[in-house]
Amino acid sequence: MKKIIVLAGALLGAPFAHAATLAVSDCWIRSMPPNLPSSGYFVVSNGGDKAASLVGAETPAFGMAMLHKSESSGTTATMSHVESAEVPAHGTLRFAPKGYHLMLEDAPKPLVIGSTVPLTLSFADHSTVNTTCTVKPASALGK
């Protein structure tokens, strides 16, 4: 009976293994008029021995949050939806202008510059990490 309980405990804890090794910093969101999409940026650090796969995000400040990536090739720039983004073991993944970013849509009310917004990041192993993002002007380029 002890073996079954230990195994069940190990299995129940498995989905949250990454949460203890992941940290989010420097989170900010661009303030845009409510009828326009906005974008969110942050850094995810992984102190663990295994890569983590970021698969989603959620915030009560927007009805929809999607992972996107911008890429440039010569004079052409494209932006596309991505299903996931890898955070390497003992490494970081940066969501920044002109690269990975959150596409945020359907804000129920305008965001106030200087206010903060809660954000939950979801990973493929079903773990989540909560953070708080600062709202910055549309002209902001970074931290």
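Residues numbered from 1 in each chain as written. Predicted model: local features only at pLDDT ≥ 70, side-chain atom pairs only at ≥ 80, totals over all residues. Heavy atoms only, no water.

Under the annotation held in an unreviewed UniProt entry, the protein carries the name Copper(I)-binding protein and is attributed to Caballeronia humi.

Trainee: What exactly am I supposed to notice about unusual backbone geometry here?
Mentor: Where the residue is not glycine, phi is negative for most of them; where a peptide bond is considered, it is trans in most cases. One non-glycine residue, His90, adopts positive backbone phi at about 55°. One can find His90 in the loop between β6 (85-87) and β7 (91-95). The class for His90 is exposed, based on a relative accessible area of 55%. Phi at Asp106 is positive, roughly 65°, even though this residue is not glycine. Among the secondary structure elements, Asp106 is positioned in the loop between β8 (100-105) and β9 (116-123). (Helix = DSSP H or I, 4+ residues; strand = E, 2+ residues; numbered from the N terminus. Buried < 20%, exposed > 50% of the residue type's maximum accessible area, 1.4 Å probe, protein only.)

Trainee: Before we go on, may I ask you to explain the pairing of strand β10 (residues 128-136) in this structure?
Mentor: Regular strands place side chains that alternate from one sheet face to the opposite one. Relative to β10, strand β1 (residues 22-30) runs parallel, the two sharing three bridges. Within β10, the residue paired with Arg30 across the bridge is Lys136. The pairing of β9 with β10 spans seven bridges and is antiparallel. Residue Ser122 lies in a different strand from β10, and its bridge partner there is Thr128. Between the antiparallel neighbours β9 and β10 lie four residues, among them His126 with a positive phi of about 75°. (Pairing = 2+ DSSP bridges.)

Trainee: Just checking my understanding: could you explain the nonpolar core for this structure?
Mentor: One recurring pattern in soluble globular proteins: nonpolar side chains tend to sit buried together. The biggest cluster of nonpolar side chains holds 29 residues, and the ones touching the most others in it are Phe42, Phe95, Leu121 and Phe123. Going through the elements one at a time, β1, β2 (38-46), β3 (52-58), β6, β7, β8, β9 and β10 are the ones with two or more residues in this core. Setting aside chain neighbours within four positions, we find Phe95 in contact with Gly40, Tyr41, Phe42, Leu54, Leu67, Ala85, Tyr100, His101 and Leu102. (Core = buried A, V, L, I, M, F, W, Y, C linked by side-chain atoms within 4.5 Å. Contact = heavy atoms within 4.5 Å.)

Trainee: What's the story with empty space enclosed by the protein in this structure? I'm lost.
Mentor: A full pass over the atoms with the stated rule returns one cavity of 30 Å³ or more. The calculated volume of the largest cavity comes to roughly 50 Å³. In terms of lining, the largest cavity is formed by Arg30, Ser31, Met32, Pro33, Pro34, Leu36, Ser38, Phe62, Ala107, Pro110 and Leu111. Residues that form the lining of the largest cavity fall into these classes: eight nonpolar, two polar and one charged. (1 Å grid on protein atoms, 1.4 Å probe; cavity = no way out; pocket = protein on both sides within 12 Å on 5 of 7 lines; lining within 4 Å. Points joined across faces, edges and corners; volume = space filled by probe spheres on them. Nonpolar A, V, L, I, M, F, W, Y, C, P; charged D, E, K, R; others polar.)

Trainee: I keep staring at the packing of aromatic side chains and nothing clicks. Help me out?
Mentor: The way to describe two aromatic rings as a pair is by their centre distance and the angle between their planes. Taken as a whole, this structure holds three aromatic pairs when the rule is applied. When the centroid spacing of 4.6 Å and the interplanar angle of 35° are considered together, the rings of Trp28 and Tyr41 count as tilted. You can see Trp28 sitting in strand β1 and its partner Tyr41 sitting in strand β2, a full 13 residues away along the chain. Residues Trp28 and Tyr41 agree in their burial class; the two are buried. Sitting over the face of the ring of Trp28, Lys136 holds its NZ or CZ atom 5.6 Å from the ring centroid. (Phe/Tyr/Trp six-rings, centres within 6.5 Å; stacked < 30°, edge-to-face > 60°. Lys NZ or Arg CZ within 6 Å of the ring centre and 35° of its normal.)

Trainee: Teacher, can you tell me more about the state of the cysteines here?
Mentor: As used in these notes, a disulfide is a covalent bond between sulfur atoms, one from each of two cysteines. All chains considered together, the criterion is met by one disulfide. Residue pairing for Cys27: its cysteine sulfur links by disulfide to Cys133, the two sulfurs lying 2.0 Å apart. Torsion about the S-S bond of the Cys27 and Cys133 cystine: about 60°, corresponding to right-handed handedness. On the criterion of sequence distance, the pair formed by Cys27 in strand β1 and Cys133 in strand β10 is long-range, its members being 106 residues apart. For the residue pair Cys27 and Cys133, the accessibility class agrees, reading buried in each case. (Disulfide = S-S within 2.5 Å.)

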